[in-house]
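Here is how the chains run, residue by residue.
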Amino acid sequence: RSAVLEAEKRYHGGGTGMLMDIIKNRHSIRKYTDRQISREDLEKILEAGNFAPNAGGGQRSMMVAVHDKELTTQIGQMNLAKFDRTHLAGNFVSKEQPSTIDDPTIRNGFYDAPTVVCVFSQDNFLFKTADAFCMMENMILQATELGIASCIISRGYETFDSPEGRQFMEAWDVPQGYACQGFVILGYIDGEQPQSKPRKPGRVKIIEA
C-alpha cells in the first residue's frame, strides 16, 4: 500500500499512477517553462528507453540526452532550418498546444523545452524506425509518471544533415552509419494540461471465432 501511495504522490498529472492512467494522461506538450528537469529523473527516463522492445534483441538504437537549455535551443533551431511548409495546407494539430504546423512564427522545433533526447539508429537496419519509436514511447510514458511533460519530434535526418550536425554526432561518439530517427523533448508544462481528444469510432475491432 505504501508503494502505491508513493507512486500516486510522484505522479503529478492525476490518476493513480497505474499504467492505463499514465497512458491516458500523457499529452504532447509544446509549451514549456524554463525549469530544467533533474539529472535523476532524466536517468530514469533514459533507463525506460533503454529497456524498450527492439527487433531481434539487437539493441541497435542509442540515445544522446542534451541536458542543457542553450544547446537544446540551438539544436531545436537546426531542426526547423530545412522545414518545408509547402505541403502543409489544411493541416492543424492543436489550439491548446500549437505545433510548428499551426504557428509559422515558431523558430525552435523543440518548443523551448530545456532537455532533448536524440535517438539514433543503425541506418541500414530494416526495423530502425520501429525500434526508435518503441524507445521514445517508453521514455514519454516514464516522463508522464514522473510529472514531466514531453513530446516526440520528427525531422531527425534533416536536423543533423549539415556540417554542424555531423560535428555534433562526431563529438557525441555516434557510430558511423547511424542516423537520427527522432527526438523526445522534456520539461515542465507552461500552463494547464490539455484535454484528451475524444477517440474516433471504428479504430478498434476484435475478430473472434
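This write-up is about the structure you can find in this document. (Residues numbered from 1 in each chain as written. Predicted model: local features only at pLDDT ≥ 70, side-chain atom pairs only at ≥ 80, totals over all residues. Heavy atoms only, no water.)

Some details on the pattern of salt bridges
(1) Moving on: Applying the stated criterion across every chain yields a total of six salt bridges.
(2) Moving on: A salt bridge links D34 to K69; its shortest N-O distance comes to 3.0 Å. Of this pair, D34 sits in the loop between α2 (19-25) and α3 (39-50) while K69 sits in helix α4 (residues 69-80), placing them 35 residues apart in sequence.
(3) Moving on: Owing to a relative accessible area of 25%, K69 belongs among the partly exposed residues under this scheme.
(4) Moving on: One connected set of salt bridges, linked through shared partners, spans K82, D161 and R166. (Salt bridge = Lys/Arg side-chain N within 4 Å of Asp/Glu carboxyl O. Helix = DSSP H or I, 4+ residues; strand = E, 2+ residues; numbered from the N terminus. Buried < 20%, exposed > 50% of the residue type's maximum accessible area, 1.4 Å probe, protein only.)

Overview of the environment of E192
(1) Moving on: Along the chain, the position of E192 falls in the segment after β4 (178-187).
(2) Moving on: Judged by relative accessible area, which is 70%, E192 ranks as exposed.
(3) Moving on: Once the C-alpha coordinates of E192 and K31 are considered, the two residues, 161 residues apart in sequence, prove to be 9.7 Å apart.

Some thoughts on the packing of aromatic side chains
Two aromatic rings are characterised by how far apart their centres lie and by the angle between their planes.
(1) Moving on: Counted according to the given criterion, the structure contains seven aromatic pairs.
(2) Moving on: A centroid spacing of 5.8 Å and a plane angle of 75 degrees characterise the contact between F160 and W172, whose relative ring orientation is edge-to-face. With F160 in helix α6 (residues 156-160) and W172 in the loop between α7 (163-171) and β4, the pair connects residues that are 12 residues apart, well separated along the chain.
(3) Moving on: A relative accessible area of 4% places F160 in the buried class.
(4) Moving on: R35 extends its terminal NZ or CZ atom over the ring of Y188, reaching a point 3.8 Å from the ring centre.
(5) Moving on: It is R155 that lies over the ring of F83; its NZ or CZ is 4.5 Å from the centre. (Phe/Tyr/Trp six-rings, centres within 6.5 Å; stacked < 30°, edge-to-face > 60°. Lys NZ or Arg CZ within 6 Å of the ring centre and 35° of its normal.)

Brief notes about α7
(1) Moving on: Where α7 is concerned, the buried positions are G165, F168 and M169. With its buried residues spanning 95 degrees around the axis, α7 presents them on a single face. Residues of α7 that are exposed and angled more than 90 degrees away from the buried face: P163, Q167, E170 and A171.
(2) Moving on: Residues of α7 that are buried sit in contact with α4, β2 (115-122), α6 and β4. (Arc of directions from axis to C-beta. Contact = heavy atoms within 4.5 Å.)

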